Structure formats: structure tokens, C-alpha cells
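Spelled out, the chains give:
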Amino acid sequence: MKLDRFVRVAIAIAIALVFVVATGSLLFITESALNVWDRLRAGPAVFLYTYTAVMVLLATAAVWLVWRLVVKKKVAPATRHKPLSKSDIKERLQQAEAAGVDTSKAQAELRDLAARQASGAIHLCFFGEISSGKSSLIKALVPEADVVIDVVGGSTGDVRHYRWRNDAGIEIMLTDVPGTGGHEEGLDEVATEEAKRSHLVLFVCDSDLTRTELNAVKVLLAFDKPVVVVLNKADRYSDDEQATLLQQLLQRIADLGGEVRRDQVVAVSAGGETDVVARRSDGSEESERRERTADIGVLVVAINRLLSDDAQPLDERRERAVFQLAADKLAAAESEYRLQRSEQIIRGATRKAVVGAMAAVSPGADILVQGYIGTTMTQELCKIYGVAPRDLDIEEFLSLGQSRVGRALPLSLAVAGNGLKAFPGLGTIVGGLAHAVAYGLIFDALGRSLVLTLSRHGELLPETAAKAFEEGISEHLEAGVRRIARLALDEKRS
Ligand SMILES: Nc1nc2c(ncn2[C@@H]2O[C@H](COP(=O)(O)OP(=O)(O)OP(=O)(O)O)[C@@H](O)[C@H]2O)c(=O)[nH]1
Ligand SMILES: [Mg+2]
């Protein structure tokens, strides 16, 4: 209790002292300011203006310095939701091309779009899981079409277009694509991209939607695709079951936030052929092929209704979707380019670290914070990822990395020594070389963790990057040791 009172008295004295000092300072500053002001007013005007200008300049410089030091520079994030215009995408393509990015895939999308626009045809894509009956539906619409249909899933292996003219005389391209969820790699992507290029997607299913199907619908809705949900193989269901399923499908799309009208969810039977085993009167069995009756009237009505509306919005929506597809392909190419450039930068820094370590009689342990290699590598990697880091962040990252190097050095030395053993006949130089390789390995690991952080977060987060360095170091050491050992040997020989 006594102590408590003592502390309170001490705080009270401190407050009184702070008050006295603050008041004194305020009075002093005010007096000097007024003094200076009076003198300035009394003196020539030019002196007053010069003095004010210098004060403003000093204040601006101070604010600028604080800003540079403390406030992070923001890099505009790529906005996914804002629809891209033709000039947006063209500009991005030009910039990327000038930077050396391979833009061919994105350019091909734009060329394909132009060709489709010139043809004037409406593209309808039959999309869905394997064996849902996409090809069968096309066959039902265009009986003379040479469409591959099979009980075994995965029968359609590429994209095919079939010409169809509806009752209103509109020229339509029906697109058959590989079913999703098959075994062959890459086909899901082929199908999804083709769906994005179409005006309208007929999402074919044969029961309630699975999680994978729902995800596929979500992707299409995100691309603003008009979708008709087609419940095929309706012959397998009673009328009541069909009604329940249609209601469920409608609800699922609504849950995803999609706008699909009741008449855009239809139940049909594509028909086609089926093998049935028939029993003869004498008791023997025989397999025979039977025709299933097609019932696709509601689908034709749904398509016609969507197409009877003004075609222009459909064209515009398709255009926007293809621009987005092209932008996505460009983003993928840019990320590939960044990886390649980062690889070059990391290799360059690693080489410098190895050469530096070999040149030094006894290389210091604080390699990261002392040398310029780490700073330059960090700056260059940040630039590749469009990140403008504060100098403070670079310093912090390197010093956090440095504190981890202490622990990592014995490990990298051991790994380096082991890696060098793979090259016979090295004799006594192994000791010095092992050091050089160990330093090279550390820079290599540092660069790779940085790339990981920059690509994931889009900014230099010193703590996160240093943590990635610590966590990934042993993996990076093992992965890089042969390459860096060879590099060190080559440098040594040359
Ligand atoms: N019962 C019934 N079976 C159908 C119907 N439509 C198609 N099928 C059968 O479903 C199987 C798959 O038909 P496809 O048209 O090849 O299906 P797909 O979606 O094109 O398949 P993939 O190209 O492999 O993705 C075949 O055995 C068809 O006979 C239908 O309306 N009712
Ligand atoms: Mg097919």
C-alpha cells in the first residue's frame, strides 16, 4: 500500500515536471517565433519571402523523407472485376511485349475473336462432365453431323464445331468439347477455355450438380457467361423426380449468385441408341440395338428465346469474356517470364557470392548485411515483380535473413562439402571451395524464398520472406548444391 502511494506521488511529480517543461517550451517557442516574425516584418520584404520559402522547403523535405522511410509505396493490384476494354488489353499486350514477355497465346485469343466476330455466327458450347450426353445432344440437333458418341466417357477428345440454323434462320455454331473430369490431362482446360469463347453455354448434366460441376458453373458465371442448365437423360427419371431435380438445379445456381431464369433450366433426352438384351420366345437371349426417342423441344425453345433477344449484349459479353481470357493468358505468360528473369538474377547473385567468397582470404560471416549482392538481388527481384520496396524493408529483410544465416551456415557448409565430393580429384582445395559453395547456396536459397514471397503476396514483407528463407533453406540447399558446386569449380578453373 505504501509503495502504491509512492508510485502515485512519483507519477504526480513526473506529470508536474512534464507540465512545467511543456509550458516552458511552448512559451520559449512562441516567444522566439514572435520575435522572428516581428523582425522579419520589420526587415525588407524579400528577406521575409526568402525565409518563408526556406521554411516551406525544409518542411517539405522532412515530410518527403518521412514518407519515403515510413509509408509503403502501393503498387496497383490487377483488378479482376473491372471489365477490360479493347484498348486496355491492347495496351497491356504492348507493354508486356516490350518487356520481353511471350504474348503469343493472348494475341491468338484476340485473333480468334476477330475471326469469329467477322463470321457473325453465334457460338453455343455444350459443356459438362464426361458422358453427360453433350455429343448426343448435338447429334439430336444436327442428325447428319458426324459426332462421336460412346458409353465410355472421354469419347470427345478435342473441340469440334457443327453448323446449325434455328427456326428463326440464325446461323449457329454448336461446339462439342471434351467432357470435364476425364483422365486425360489438360482437357478440362481446353473445354473451359472454349466455353469462355462462346456466346452461350449449355451446361449439360444428368443429375444434381456435384461440387466439381458447381465450381465449373462458378467459373463460367464469373466470366459473365449466359448459361442454360440442361438436365439430360430425363428418360431415366419420373416426372416428379424431374421436377424436383430442376428445382434443385435452379436453387444451386441461385446459391452461387447466378441469374438463371426458370426457363433456362430444362430437362431433355438426347435420344440415341442403346443396346438391350431381349429374350426370345424360346428362352434364348439376344442383344439388340434400340433407338431412344429424343425429346429436346424445351432446349430448342430455351436457345431460341435467349437468341431472340437483342444479339448485341451477347456479343459484348462474349467480347469481354475473351478479353479476360486473353488477360489471364497474358498474366500466365508474365508470371512465366518473371520466373525466368528471377532465375537469371538469382544465378547472377549466386555467382557473385561464390566468386567473392573465393577471392576473400577469410569471408566474413555477416555476408548478407555487409555486401551489396543481397541488396542488389533483392532490389532487382522486387522490380521484376513490380514491387517498389522501402529501403528500410530491404534492410530489415536482409538483417532478418542474416540472423538465420548463423544457424544455416554449418548446414550449408556440410551440404556444400558433400556436394563437392561428387566431383572427384579436388584434393586440398575443397575447404575454401566448400565455403564459397556454402555462400552461393545461401544466396540461392535467399533469392528463391524472396521470389516465393513476392509472387504470393505481391510485396516485400520482410518477416514473411525471412521466415520462408528459414523454412525452405534445407530443401533449397539440397536442390541447388550440384549446380552451385559446378559453378564454383568452373569459376575456380577459369
Ligand atoms: N438414357 C440416356 N442415355 C443417354 C442420353 N443421351 C446420351 N446418353 C448416353 O450417354 C452416353 C454418353 O453420351 P455422349 O454423347 O458420348 O456423352 P458426352 O457428354 O459427349 O461424353 P464425352 O464426350 O465423353 O464427354 C452414351 O452412351 C449415350 O448413349 C439420354 O438422353 N438418355
Ligand atoms: Mg462427347
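Residues numbered from 1 in each chain as written. Chains lettered and ligands numbered in written order. Predicted model: local features only at pLDDT ≥ 70, side-chain atom pairs only at ≥ 80, totals over all residues. Heavy atoms only, no water.

Trainee: In this structure, what is going on with the coordination of the magnesium ion (ligand 2)? I would like to understand it.
Mentor: Ideal values for angles at a metal depend on the geometry: 109.5 degrees with four tetrahedral donors, 90 or 180 degrees with six octahedral donors. Around the magnesium ion (ligand 2), the protein supplies Ser135 (OG) and Thr156 (OG1) as donor atoms, at distances of 2.0 Å. Residue Ser135 is located in helix α5 (residues 134–141), and its partner Thr156 is located in the loop between α5 and β2 (160–165); the two are separated by 21 residues in the primary sequence. The exposure class of Thr156 is buried, given its relative accessible area of 11%. (Donors = N, O, S within 2.8 Å, 3.2 Å for Na, K, Ca; no water. Helix = DSSP H or I, 4+ residues; strand = E, 2+ residues; numbered from the N terminus. Buried < 20%, exposed > 50% of the residue type's maximum accessible area, 1.4 Å probe, protein only.)

Trainee: How do you make sense of the site of ligand 1 when you look at a structure like this?
Mentor: As a matter of local geometry, ligand 1 sits amid 23 residues, with Lys134, Ser136, Gly154, Thr156 and Arg292 nearest to it. Separating an oxygen atom of ligand 1 from a side-chain N or O atom of Thr156 is a distance of 2.7 Å. Contact with the protein chains removes 94% of the 660 Å² of surface that ligand 1 exposes when unbound. No other element matches α5, which puts three residues into the shell around ligand 1. Each residue belonging to the shell around ligand 1 can be placed in one class, and the counts come to four nonpolar, 13 polar and six charged. (Near = heavy atom within 4 Å. Polar contact = N/O pair within 3.5 Å; in protein donor to acceptor, adjacent residues only side chain to side chain. Areas by Shrake-Rupley, 256 points an atom, 1.4 Å probe, with all protein chains shown as cover. Nonpolar A, V, L, I, M, F, W, Y, C, P; charged D, E, K, R; others polar.)

Trainee: Would you mind going over the pairing of β2 with me for this structure?
Mentor: Each regular strand displays side chains that alternate between the two surfaces of the sheet. In terms of strand pairing, β2 meets strand β3 (residues 171–176) through six bridges, oriented antiparallel. For Arg160, the partnering residue across the bridge sits in β3 and is Asp176. Adjacent in sequence and paired antiparallel, β2 and β3 are bridged by five residues, among which Gly169 carries a positive phi angle near 80°. (Pairing = 2+ DSSP bridges.)

Trainee: Explanation requested: the sheet that holds strand β1 (residues 122–128) in the structure shown.
Mentor: Each strand in a sheet pairs with its neighbour through backbone hydrogen bonds, running either in the same direction (parallel) or in the opposite one (antiparallel). Strand order across the open sheet formed by six strands is β2-β3-β1-β4-β5-β6, with mixed pairing between neighbours. In the strand order of this sheet, the two ends are held by β2 and β6 (265–267), each with one partner. Strand-to-strand twist in this sheet, taken as the mean axis angle between neighbours without regard to direction, amounts to 25°. When strand β4 (residues 200–205) meets strand β5 (residues 227–231), the two strands line up parallel, connected through five bridges. Looking across to β5, one finds that Leu202 is bridged to Val228. (Axes fitted to C-alpha atoms, helices over the stretch in contact; angles between N-to-C directions.)

Trainee: Please clarify how the packing of aromatic side chains should be interpreted in this entry.
Mentor: The description of an aromatic ring pair uses the distance of the two centres, along with the angle that the planes make with each other. Using the criterion set out here, one finds one aromatic pair in the structure. Taking 5.7 Å as the distance between ring centres and 50° as the angle between the ring planes, the aromatic pair formed by Phe127 and Phe203 counts as tilted. Pair noted here: Phe127 is in strand β1 and Phe203 is in strand β4, with a separation of 76 residues, a long-range link. A single burial state applies to Phe127 and to Phe203, both of which are buried. (Phe/Tyr/Trp six-rings, centres within 6.5 Å; stacked < 30°, edge-to-face > 60°.)

Trainee: I keep staring at unusual backbone geometry and nothing clicks. Help me out?
Mentor: Excluding glycine, a negative phi dihedral is what most residues carry, and trans is how most peptide bonds are arranged. One non-glycine residue with positive phi stands out, namely Ser131, at about 65°. Summarising the element assignment, Ser131 is placed in the loop between β1 and α5. With a phi angle near 65°, Lys233 is a residue other than glycine that sits in the positive phi range. Residue placement: Lys233 occurs in the loop between β5 and α8 (239–255).

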